[in-house]
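# Descriptive analysis of the structure
Below, each chain spelled out in residue letters.
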Amino acid sequence: MAKVTRDDVARLAGTSTAVVSYVINNGPRPVAPATRERVLAAIKELSYRPDRVAQAMASRRTDLIGLIVPDARQPFFGEMAHAVEQAASERGKMVLVGNSDYIGEREVHYLRAFLGMRVSGLILVSHALNDNAAAEIDAWDARVVLLHERPEAIDDVAVVTDDLGGAQLAVRHLLEHGYDYVACVGGTADTPSVGDPVSDHVEGWRRAMAEAGIPTEGRLFEAPYNRYDAYKVGLDLLSGPDRPPAVFCSTDDQAIGLLRAARELRIDVPGELGVAGFDDIKEAALADPPLTTVASDRSAMARAAVDLVLDDGLRVAGSRRERLKVFPSRLVVRRSCGCE
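Let me begin by describing the structure that accompanies this report.

The rules behind each value
- Residues numbered from 1 in each chain as written.
- Predicted model: local features only at pLDDT ≥ 70, side-chain atom pairs only at ≥ 80, totals over all residues.
- Heavy atoms only, no water.
- Helix = DSSP H or I, 4+ residues; strand = E, 2+ residues; numbered from the N terminus.
- Buried < 20%, exposed > 50% of the residue type's maximum accessible area, 1.4 Å probe, protein only.
- Contact = heavy atoms within 4.5 Å.
- Areas by Shrake-Rupley, 256 points an atom, 1.4 Å probe, with all protein chains shown as cover.
- Phe/Tyr/Trp six-rings, centres within 6.5 Å; stacked < 30°, edge-to-face > 60°.
- Pairing = 2+ DSSP bridges.
- Axes fitted to C-alpha atoms, helices over the stretch in contact; angles between N-to-C directions.
- Expected span 1.5 Å × (residues − 1).
- Arc of directions from axis to C-beta.
- 1 Å grid on protein atoms, 1.4 Å probe; cavity = no way out; pocket = protein on both sides within 12 Å on 5 of 7 lines; lining within 4 Å.
- Points joined across faces, edges and corners; volume = space filled by probe spheres on them.
- Nonpolar A, V, L, I, M, F, W, Y, C, P; charged D, E, K, R; others polar.

We now examine the overall build of the protein. Along the protein, the regular secondary structure elements total 12 helices and 12 strands. Taken across its 340 residues, the protein has 52% of its residues classed as buried. Of the contacts made within the protein by residues no fewer than 6 positions apart, 71% connect residues no fewer than 24 positions apart. For the protein, the exposed area adds up to about 16500 Å²; of that, 50% sits on carbon and sulfur atoms.

Our focus in this paragraph is the packing of aromatic side chains. Scanning the entire structure with this criterion turns up 3 aromatic pairs. Consider the rings of Phe76 and Phe77, whose centres lie 5.3 Å apart with planes at 80 degrees: the pair is edge-to-face. Accessibility expressed as a relative area gives 8% for Phe76, which makes it buried. Note on Tyr102 and Tyr225: the rings are 5.8 Å apart at their centroids and 45 degrees apart in plane angle, and the pair reads as tilted. Separated by 123 residues along the polypeptide, Tyr102 in the loop between strand E2 (94-99) and helix H6 (104-116) and Tyr225 in the loop between strand E7 (220-221) and helix H10 (227-239) bring together distant segments of the chain.

Spatial strand order, E2-E1-E3-E4-E5-E11: 6 strands in an open sheet with parallel pairing. Every interior strand has two partners, whereas the edge strands, E2 and strand E11 (324-327), have only one. On average, each strand axis in the sheet is tilted by 20 degrees relative to the strand beside it, whichever way the strands run. In the sheet, strand E5 (residues 157-161) pairs with E11 via 4 bridges, with the strands oriented parallel. Bridge pairing in E11 places Ala158 opposite Leu324. Its contacts with the sheet place helix H12 (residues 298-309) against strand E1 (64-69), strand E3 (121-124), strand E4 (144-147), E5 and E11, and it is angled at close to 175 degrees to E5.

This paragraph deals with the environment of Asp131. Within the secondary structure, Asp131 sits in helix H7 (residues 131-140). Along the primary structure Asp131 and Val108 are separated by 23 residues, whereas in three dimensions their C-alpha atoms are 9.8 Å apart.

Moving on, we come to H6. For an α-helix the count is 3.6 residues per turn, leaving residues at separations of three or four pointing the same way. Under the 1.5 Å per step criterion, the end-to-end length of H6 is 18 Å for 13 residues, consistent within 8% with the ideal 18 Å. For H6, the full list of buried residues reads Glu107, Val108, Leu111, Phe114 and Leu115. Buried residues of H6 fall within an arc of 135 degrees about the axis and therefore sit on the same side. Where H6 terminates, the next one or two residues include Arg118, which has phi positive at roughly 60 degrees.

Moving on, we come to the sheet that holds E7. An order of E7-E6-E8-E9 is seen for the 4 strands of this open sheet, with the pairing classed as parallel. In this open sheet, the two edge strands, each paired with only one partner strand, are E7 and strand E9 (274-276). Sheet topology places strand E6 (residues 183-185) next to strand E8 (residues 246-249); 3 bridges connect them, and they run parallel. Opposite Cys184, over in E8, you have Phe248 as the bridge partner. Running over the sheet, helix H8 (residues 163-176) touches E8 and E9 and is turned about 170 degrees from E8.

The next subject is the pairing of E3. Residues Gly121 and Ile123 point to one face of E3 and Leu122 and Leu124 to the other, with burial holding for every one of them. Here 4 bridges tie E1 to E3, and the two strands are oriented parallel to one another. Within E3, the residue paired with Gly66 across the bridge is Leu122. Bridge count between E3 and E4: 3 bridges; the pairing is parallel. Looking at the pairing, Leu124 lines up with Leu146 of E4.

Let us now look at empty space enclosed by the protein. Tallied over the full model, the rule gives 3 cavities of 30 Å³ or more. By volume, the largest cavity is sized at about 190 Å³. Lining of the largest cavity is provided by 18 residues; of these, Phe77, His148, Tyr225, Thr251 and Asp279 occupy positions nearest its centre. Only helix H5 (75-90) and helix H9 (197-211) provide two or more residues apiece to the lining of the largest cavity. In terms of residue class, the lining of the largest cavity is built from 8 nonpolar, 6 polar and 4 charged.

The quantities given are spatial measurements derived from coordinates; they are silent on function.
In structure tokens, the structure reads:
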């Protein structure tokens, strides 16, 4: 059987091959609904399958979006990657995912690999983008959108949450329960001081405490972002002589680890310890007790990132404010803070 071509589809639909391309690629020019239906009917009747490799060679672009995250095993990044995949699918694109594991060299490896594959764009969740990665992006003149984090080394369009304001909401809420003070579980020593959500969460905690006239000295504790290491930190923190009355954790994963430590130490939450987190991962509602946290619209953020990375006007110069899309945070109240 002879291979069905775009010419065959155009002939059966009574239109040009250019119009067939517009229908298949969903642009760049609009197609009248009746014409679109004829083309789609012809494609179905002839069982036509576009040659994506040939299309990529001709356009020097693929139907792929590259997504680099620190660690998709962490629920927050797994949920974010799924949201990006759904948004990309709505635009007729597929997503390649690379895990940097918080290692700069691995991030550069995926940057080179994805850009070398001529992805349509790159969505980057970077813990601390280094100069090598920034130079790689500049060398390829790549379409890049930063998601969730906005490292100093690169000044591309970013889609983020109001991390600072969200942290203030959580800490103020804990203080409203009457706790004498709120301790904070932040990041690690290598957490970037600028552009990192956890740094903003810590700053939000500091501001909320300052508003209440409560000192923060000696009340900030370092912990990795995952629940397993945070659990170990929690055991030390909660078994010491100066156990805090309440703790704000910079991530829900840390908070879930802290809750496990409290349970092992037979500390009642929220009777003896108030806890709040940040991210509102799905497991937060199933924690014991259910975790009070801060949420943002990850689906809307993912859709905005995909739309921006596929937008022809992405790299047009603009002010920093115009290049930063901030989504609001909202407090999700559950039982871990003391609410019924």
